[in-house]
Amino acid sequence: MPELPEVETVARDLQRLVAGATIRDATVHWDRTIRHPMPAERFAAEIAGASIRRVDRRAKTVLLHLADGRVMTVALRMTGALIVADPGTPPDPYARIVFALEDGRELRYRDVRKFGRIGLWPGGGLRSVGAGRGARSRRVEEGQRRYRIGEVFSGHGPEPLTRSFTSARFAERLSRRSAKLKTLLLDQSFISGVGNIYADEALWRARLHPLRAADTLDPAEIRRLHRTVRQVLREGIVNRGSSFSDYVGADGEPGANAERLAVYRRTDQPCYRCGRRIQRIVVGQRSTHFCPHCQREPVASDEP
Ligand SMILES: [Zn+2]
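Every value quoted in this text rests on a predicted model; they were computed, and no experiment measured them.

Draft legend 1. Region of the structure containing the overall build of the chain. Summing up its helical and strand segments, the chain has eight helices and 11 strands in all. On C-alpha atoms alone, the chain measures out to a radius of gyration of 20 Å, which is about the 19 Å that the 2.2 N^0.38 rule sets for 304 residues. With respect to the principal axes defined by its C-alpha atoms, the chain has extents near 70 × 40 × 35 Å. Expressed as a percentage of the 304 residues in the chain, the buried residues total 51%. If you take every contact in the chain between residues at least 6 apart in sequence, the share linking residues at least 24 apart comes to 65%. Per element, the accessible surface of the chain, about 14,100 Å² overall, is 48% carbon and sulfur. Charge separation in the chain, taken as the distance between the mean sites of 53 positive and 36 negative side-chain charges, equals 3 Å.

Draft legend 2. Just the coordination of the zinc ion, in detail. Summarising the metal site, the zinc ion is bound by the protein donors C271 (SG), C274 (SG), C291 (SG) and C294 (SG), whose distances to it range over 2.2 to 2.4 Å. Within one chain, the residues serving as donors to the zinc ion are arranged as C-x2-C-x16-C-x2-C. Highlighted residues: C271 in the loop between α8 (219-238) and β10 (279-283) and C294 in the segment after β11 (286-290), separated in sequence by 23 residues. Judged on exposure class, the residue C271 and its partner C294 are both buried.

Draft legend 3. A look at the pairing of strand β9 (residues 117-121). For β9, the buried fraction is high: five of the five residues fall into the buried class. With burial as the criterion, each face of β9 is covered, one bearing R117, G119 and W121 and the other bearing I118 and L120. Sheet analysis places strand β2 (residues 34-36) next to β9, joined by two bridges and oriented parallel. When the bridges of β9 are listed, H36 appears paired with G119. Direction of pairing for strand β5 (residues 71-75) relative to β9: antiparallel, over a ladder of five bridges. Pairing of M72 across the sheet is with L120, part of β9.

Reading the values: the criteria
Every chain's residues receive numbers from 1 upward, in the order its sequence appears when written. Per-residue local features are limited, in this predicted model, to residues with pLDDT of at least 70; the limit for side-chain atom pairs, both in listing and counting, is 80 or more; totals at the level of whole chains, interfaces and linings are taken over all residues. As a rule here, side-chain values cover all heavy atoms of the structure and leave hydrogens and water aside. Starting at the N terminus, helices and strands are each numbered in turn, a helix being any DSSP run of H or I of at least four residues and a strand any DSSP run of E of at least two. Throughout, radius of gyration means the C-alpha value; the globule benchmark is 2.2 Å times the number of residues raised to the power 0.38. Exposure classes here rest on a 1.4 Å probe applied to the protein chains alone. A residue is buried below 20% of its type maximum, exposed above 50%, and partly exposed in between. The contact definition used throughout considers only heavy atoms, calling two residues in contact when any of these lie within 4.5 Å. Accessible surface is estimated by sampling points in the Shrake-Rupley manner with a 1.4 Å probe; for residues, cover comes only from the protein chains shown. For the purpose of counting charges, residues Lys and Arg are taken to be positive, whereas Asp and Glu are taken to be negative. His and the chain ends are not included. Charge coordinates come from a single atom per side chain, which is NZ of Lys, CZ of Arg, CG of Asp or CD of Glu. Metal donors: N, O and S atoms at distances within 2.8 Å, or within 3.2 Å for Na, K and Ca, with water omitted from the atom set so that some sites may seem incomplete. In this description, strands pair whenever DSSP reports at least two bridges between them.

Now the structure itself:
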């Protein structure tokens, strides 16, 4: 599943490849990919003729800022990908939406498992619209209301790579939570963009057990985790993301970060620090990889 570094890579690719391009029309092959506005015909009619001014990222969502101030959001979820195809490229049977550009290229939204969602929103706004995964009736209601782009993200936690995400701010947020570190790092309302891969990697580097309660960390441990979260995300971006199955950049090429990971999906292989075997456990239904020697199990009580 694409996390912050993968989504950032896609956004940077698109900024290079399609900023300044104009969408001639959109063909929707899978209606449920459209989150807003609905129905799909309305989405297609509203996006036709729009020019892409700039592309960036918020949390795990790609943002295409249009010249008229509207924003198209692309949440890749499990297997979504945005790929720029030159004229003459054979059609992709997994392309759920095809944006034909005025210059003859196509911006294809490819998604094998079809969990990703695309929305088109007015700029501005503040309130939350929630995760958008409810019953069909809620989905329709959400698709018809005119939420503004700011509302879509108001429930999200801070961006870990911004200057304002300081160690002090991280410490303040951790101290108020008794949740396990692994669970908290995956909580998008606590911190944006971190998923299973980078949570495991950051905890290994910080030598912190995934089951440690957040409010038990001492100041040195907090500073370590703050540093390693940012390190693993930055390195992931430099290496153009971690590809295990479907993830590719907007140029259609996989990233090079998967082979550089220390613990994720390295169960039973030797720890790069101590040589002992990496273990896999399940935390909150998510597989979790760690070194039982370098990342010591939290003690049950503080008895002398
Ligand atoms: Zn180790």
